[in-house]
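So you can see what is in the structure, the chains are spelled out below.
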Amino acid sequence: MRTIDRTGSAVVTLPSDLEIQVVRNFDAPADLVFEVWTTPEHIRNWWGYPEHEMTVCEMELRVGGTYRFAAQIPDFGEMAFHGVNLEIDRPRRLVSTEIYEAFPDVEAVNTLTLEEADGVTTMTILSRYPTKEVRDGVIASGMEHGLQVSLNRAEAILLSLQDVA
């Protein structure tokens, strides 16, 4: 049973000129966090803002497999990301590339790690960008707010899945 309200609790830091790190705890086992993070039926329910229609949600969870997520945003159009899974160590680690399709020549590498202790899983996402300017542009885009919303939505799914279990 959850005893801590973790809404909006992701901590975003800049460990180097090329990196953004996000750390967030979830009251769920690592295998369930990994499942919610990588399964399209769950991704559809946590990725992005609830008022944005997710139009594409594809995840081929294997090394060399691809993913693509896209949403239709009012007064903006399509926002889409895609990439390739480079390393999978279920449920501890997922390394993948990420390309924001509005800037197709800019590739980031995301490393997701999950560490579980006493029923709490700490998720760390380390994103590495090709230049400081790209990294700074991502920060300036407001990504932190959108990420907080997505992680809060993922937490709600995790809690509901545990209530069912």
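Our structure's up above, just so we're on the same page.
Criteria and cut-off values
Residues numbered from 1 in each chain as written. Predicted model: local features only at pLDDT ≥ 70, side-chain atom pairs only at ≥ 80, totals over all residues. Heavy atoms only, no water. Core = buried A, V, L, I, M, F, W, Y, C linked by side-chain atoms within 4.5 Å. Buried < 20%, exposed > 50% of the residue type's maximum accessible area, 1.4 Å probe, protein only. Helix = DSSP H or I, 4+ residues; strand = E, 2+ residues; numbered from the N terminus. Contact = heavy atoms within 4.5 Å. Salt bridge = Lys/Arg side-chain N within 4 Å of Asp/Glu carboxyl O. Phe/Tyr/Trp six-rings, centres within 6.5 Å; stacked < 30°, edge-to-face > 60°. Lys NZ or Arg CZ within 6 Å of the ring centre and 35° of its normal.

Caption draft 1: Main features of the nonpolar core. One finds W37, I43, W46, W47, F69, M123 and L151 to be the most contacted residues of the largest nonpolar core, which totals 33 residues. Of all the elements in the fold, those that place two or more residues in this core are β2 (19–26), α1 (30–38), α2 (40–46), β3 (53–59), β4 (66–73), β7 (107–117), β8 (120–128) and α4 (143–164). Among the elements that make up this core, the one with the highest residue count is α1 (six residues). Apart from the residues lying within four places of it in its own chain, the contact partners of W47 are M54, F69, A70, A71, M79, F81, S150 and R153.

Caption draft 2: Main features of the pattern of salt bridges. Summed over all chains, the structure comprises ten salt bridges. Taking the shortest distance from any N to any O, the salt bridge between R128 and E19 comes out at 3.4 Å. Here R128 is found in strand β8, whereas its partner E19 is found in strand β2, with 109 residues between them in sequence. Judged by relative accessible area, which is 42%, R128 ranks as partly exposed. Note that E60 is salt-bridged to R62, the shortest N-O span being 2.8 Å. By relative accessible area, which is 35% here, E60 ends up partly exposed. Salt bridges sharing common partners tie together R68, E78 and E101.

Caption draft 3: Highlighting the environment of M143. Turning to its location among the elements, M143 is positioned in helix α4. Excluding residues within four positions of it along the chain, M143 makes contact with I20 and V138.

Caption draft 4: Inspection of the packing of aromatic side chains at higher detail. Considering all chains together, one arrives at six aromatic pairs under this definition. Between W37 and W46, the aromatic rings sit 4.4 Å apart at their centres with planes inclined by 15°, giving stacked as the arrangement. For the pair W37 and W46, one class covers both residues: buried. Between W47 and F69 the ring centres are 5.7 Å apart and the planes differ by 55°, which places this aromatic pair in the tilted class. Of this pair, W47 sits in the loop between α2 and β3 while F69 sits in strand β4; the two residues are 22 residues apart in sequence, bridging distant segments of the chain. What makes W47 buried here is its relative accessible area of 13%. The exposure class of F69 is buried, given its relative accessible area of 8%. One aromatic cluster is present, built from ring pairs that chain together W47, Y67, F69, F81, Y100 and F103. The lysine or arginine in question, R24, covers the ring of F26, its NZ or CZ lying 4.8 Å from the ring centre.

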